[in-house]
Amino acid sequence: MASGLGVALFSSAVFGLSGSFAKALLETGWTPGAAVTARLTGAALILAIPAIFALRGRWHQLRDNWLTVLLFGFIGVAACQLFYFNAVSRLSVGVALLLEYLAPVLIVLWLWAASRKRPRPLTIAGTLLSLGGLVLVLDLTGAVKVDPIGVLWGIAAAVCLAIYFFITAKENDTLPPIVLASGGLMVGAIVMWLTAATGLLPMAFSTADTRLGPWVTPWWVALGGLVVLATVLAYVSGIVAARALGSKVASFVSLTEVLFAVIWAWLLLGELPGPIQLLGGLLIVGGVVLVRLDELRAAVSGADAAALDHANDCEPVP
């Protein structure tokens, strides 16, 4: 448990780097589409090697799960990352990620509306707490100017992340998680390249130097960090943590990604949300913790087993 917890914290720390590395590229002239495409392509090529070993010639596993891989790659990888990077281009990294992490609250509201069955009191409390935090993060009083388009991109990323959880919630013992991750990244990369080829997605790269903290570095340093650290290493360590701790506990620990993202953005970009936004972020994370805690408690008691028990076997890439 202790070693698994350490791996899970490491996974959250490197996942939290993605927004800072991406914004460093965006500020030099990269478009969000170009950053996402480069990230997915590089990570897919690297993860293809361990994925092939994991399959061990059982290619029928991919054929049997082609729809899951396709939906995961299109929605959970390509769309989710594109929307998040668009949000990062207009908002601070911390605010953009907090908006994306409203996904569990959206799931609660959707299930409530679809089933017309009122959630348990702890889940309701967590949902209300997160919604209250959202009001503070958006800083509707006007003390901090928040780009409304960026907010819409962040909420769109949250919707995609919620759909991702639904896609991967079903237990699947026929497809290794590393294969799902690699296949999803490959599908996402193909979707991005095809969209760019049709002219629907602006694609602009830049070879200008990037600034990370006090250092001025070549563009490939930020891109390499985005691909190797914030994607490949983050995915592998996330999968190891989920298997060591179980998806429920791992999902709790993954909430620390918000904290790490804020810290990295402060150290590498000089960004820090305002006091009101930080308070709102604490409320959002606290509300999500209550929702997850209620799911875990219900699963442990044996009543109303949580539908998202296996949602974190393959971590989403924010």
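Structure shown above.
Read on for an overview of the structure. (Residues numbered from 1 in each chain as written. Predicted model: local features only at pLDDT ≥ 70, side-chain atom pairs only at ≥ 80, totals over all residues. Heavy atoms only, no water.)

## Looking at helix H7 (residues 103-115)
Selection criterion: Only DSSP runs of H or I covering at least 4 residues are called helices, and only runs of E covering at least 2 are called strands; the numbering of each starts at the N terminus. To estimate how far a helix should extend, the number of its residues minus one is multiplied by 1.5 Å.
In this model, H7 (13 residues) spans 18 Å end to end at C-alpha, consistent with the 18 Å of a helix rising 1.5 Å per residue. Among the residues trailing H7, Arg116 stands out with phi positive, at a value near 55°.

## Some words on the packing of aromatic side chains
Given two aromatic rings, one states the distance between the centres and the angle between the planes to describe the pair. Rules: Two aromatic rings from Phe, Tyr or Trp, using only the six-membered ring of Trp, form a pair when their centres are within 6.5 Å; if the ring planes differ by under 30 degrees the pair is stacked, by over 60 it is edge-to-face, and anything between is tilted. Only protein chains enter the accessibility calculation, which uses a 1.4 Å probe; a residue whose area is less than 20% of its type maximum is buried, one above 50% is exposed, and one in between is partly exposed.
One pass over the full model with this rule turns up five aromatic pairs. Pairing Trp30 with Phe205 gives two aromatic rings, centres 5.0 Å apart and planes at 80°, and the pair type is edge-to-face. Linking Trp30 in the loop between helix H2 (18-26) and helix H3 (32-55) with Phe205 in the loop between helix H10 (177-197) and strand S1 (210-212), this pair joins segments that are 175 residues apart in sequence. By relative accessible area, Trp30 is classed as buried at 5%. For Phe205, a relative accessible area of 45% corresponds to the partly exposed category. Seen from their ring centres, Trp30 and Trp219 are 6.2 Å apart, and the 40° between their planes marks the pair as tilted. Highlighted residues: Trp30 in the loop between H2 and H3 and Trp219 in helix H11 (residues 219-245), separated in sequence by 189 residues. Every member of this aromatic cluster is reached through a ring pair, and the members are Trp30, Phe205 and Trp219.

## Some words on the nonpolar core
For soluble globular proteins, nonpolar side chains are generally found buried alongside one another. Put simply, the test is: To qualify as a nonpolar core, a set must consist of buried Ala, Val, Leu, Ile, Met, Phe, Trp, Tyr and Cys residues joined through side-chain atoms within 4.5 Å. What makes two residues a contact is simply this: any of their non-hydrogen atoms within 4.5 Å.
If you look at the biggest cluster of nonpolar residues, it comprises 83 residues, and the most contacted ones within it are Trp30, Leu40, Tyr84 and Leu99. Element by element, the count of residues in this core is highest for helix H5 (residues 66-88), at 12 residues. Ignoring sequence-local partners within four residues, the contact set of Trp30 consists of Leu25, Ala35, Ala38, Ala204, Phe205, Ser206, Trp219 and Leu223.

## Thoughts on the pattern of salt bridges
Quick note on the threshold: Salt bridge, as used here: a side-chain nitrogen of Lys or Arg that lies within 4 Å of a carboxyl oxygen of Asp or Glu.
Enumeration according to the criterion identifies two salt bridges in this entry. Between Glu271 and Lys23 there is a salt bridge, and its shortest N-O distance comes to 2.7 Å. Taken together, the residues span a long stretch of sequence, with Glu271 in the loop between helix H13 (256-269) and helix H14 (275-301) and Lys23 in helix H2 at a distance of 248 residues. Lys23 matches Glu271 in its accessibility class, with the two residues each being buried. One salt bridge in this structure joins Asp147 and Arg90, with 3.1 Å as the shortest N-O distance. With Asp147 in the loop between helix H8 (121-138) and helix H9 (148-169) and Arg90 in the loop between H5 and helix H6 (93-100), this residue pair connects regions lying 57 residues apart in the sequence. Classification of Asp147 as partly exposed rests on a relative accessible area of 22%. A residue is classified by how much of its surface remains accessible, and Arg90, at 42% relative accessible area, is partly exposed.

## Remarks on the packing of H2 against H5
In a packed pair of helices, the relevant descriptors are the angle between the two axes and the axis-to-axis distance. Rule in force here: A fitted line through C-alpha atoms serves as each axis, taken over the contacting stretch for helices, and the angle formed by two N-to-C directions is quoted from 0 to 180°. Note on convention: the crossing is left-handed when the near helix lies turned anticlockwise from the far helix by less than a right angle, right-handed when the turn is clockwise. Amino acids are sorted into nonpolar (Ala, Val, Leu, Ile, Met, Phe, Trp, Tyr, Cys and Pro), charged (Asp, Glu, Lys and Arg) and polar (every other residue, Gly among them).
Two elements in contact, H2 and H5, have axes separated by 10 Å at closest approach and are oriented at 65°. Between H2 and H5 lies a crossing of right-handed hand. Of the residues in H5, those in contact with Ser18, Gly19, Ala22, Lys23 and Leu26 of H2 are Tyr84, Phe85 and Val88. For the contact of H2 with H5, the per-class residue count stands at five nonpolar, two polar and one charged.

## A look at H2
In terms of residue burial, H2 counts as a mostly covered element, since nine of its nine residues are buried. Taken as a whole, H2 has its buried residues at Ser18, Gly19, Ser20, Phe21, Ala22, Lys23, Ala24, Leu25 and Leu26.

## Some thoughts on the environment of Gly224
Mapped onto the secondary structure, Gly224 falls in helix H11. Along the primary structure Gly224 and Ala38 are separated by 186 residues, whereas in three dimensions their C-alpha atoms are 9.8 Å apart.

## Here's the deal with the packing of H3 against H11
Put simply, the test is: Roughly parallel covers angles under 35 degrees, roughly antiparallel covers those over 145, roughly perpendicular covers 65 to 115, and oblique covers all other angles.
Direction vectors running N to C along H3 and H11 enclose 50°, while the axes themselves pass 9 Å from each other. By the angle between their directions, the pair H3 and H11 is classed as oblique. As H3 packs across H11, the resulting crossing turns out to be right-handed. Side by side, H3 and H11 meet where Ala35, Ala38, Arg39, Gly42, Ala43, Ile46 and Leu47 of the first sit next to Leu223, Leu226, Val227, Val228, Ala230, Thr231, Val232, Tyr235 and Val236 of the second. Here the contact of H3 with H11 is built from residues that sort into 13 nonpolar, two polar and one charged.

## A closer look at the environment of Gly76
By the element assignment, Gly76 lies in helix H5. For Gly76 and Ile167, which are 91 residues apart along the polypeptide, the C-alpha to C-alpha distance reads 8.4 Å.

## Quick notes on a nonpolar patch on the surface
Condition: For patches, a residue must show more than 30% relative accessible area and have no salt bridge; joins then use 9 Å for like charges and 5 Å for nonpolar side chains, namely Val, Leu, Ile, Met, Phe, Trp and Tyr. What sets the accessible areas is the Shrake-Rupley method with a 1.4 Å probe; for residues, cover comes only from the shown protein chains.
On the surface, Leu259, Ile263, Trp266, Leu267, Leu272 and Leu278 cluster together into a nonpolar patch covering about 570 Å² of accessible area. Per-element tally for the nonpolar patch: the top contributor is H13, with four residues. Assignment of secondary structure puts Leu272 in the loop between H13 and H14.

## What to know about the side chain of Lys23
Counted only if it meets this: Counting of polar contacts relies on pairs of N or O atoms within 3.5 Å, with two restrictions inside protein: one atom must be capable of donating a hydrogen and the other of accepting it, and residues adjacent in sequence are counted only when both atoms are side-chain atoms.
For Lys23, a relative accessible area of 9% puts it in the buried group. A polar side-chain atom of Lys23 sits 3.2 Å from the main-chain carbonyl oxygen of Val88. Not counting chain neighbours up to four residues away, the residues in contact with Lys23 comprise Val88, Leu91, Ser92, Val93, Leu269 and Glu271.

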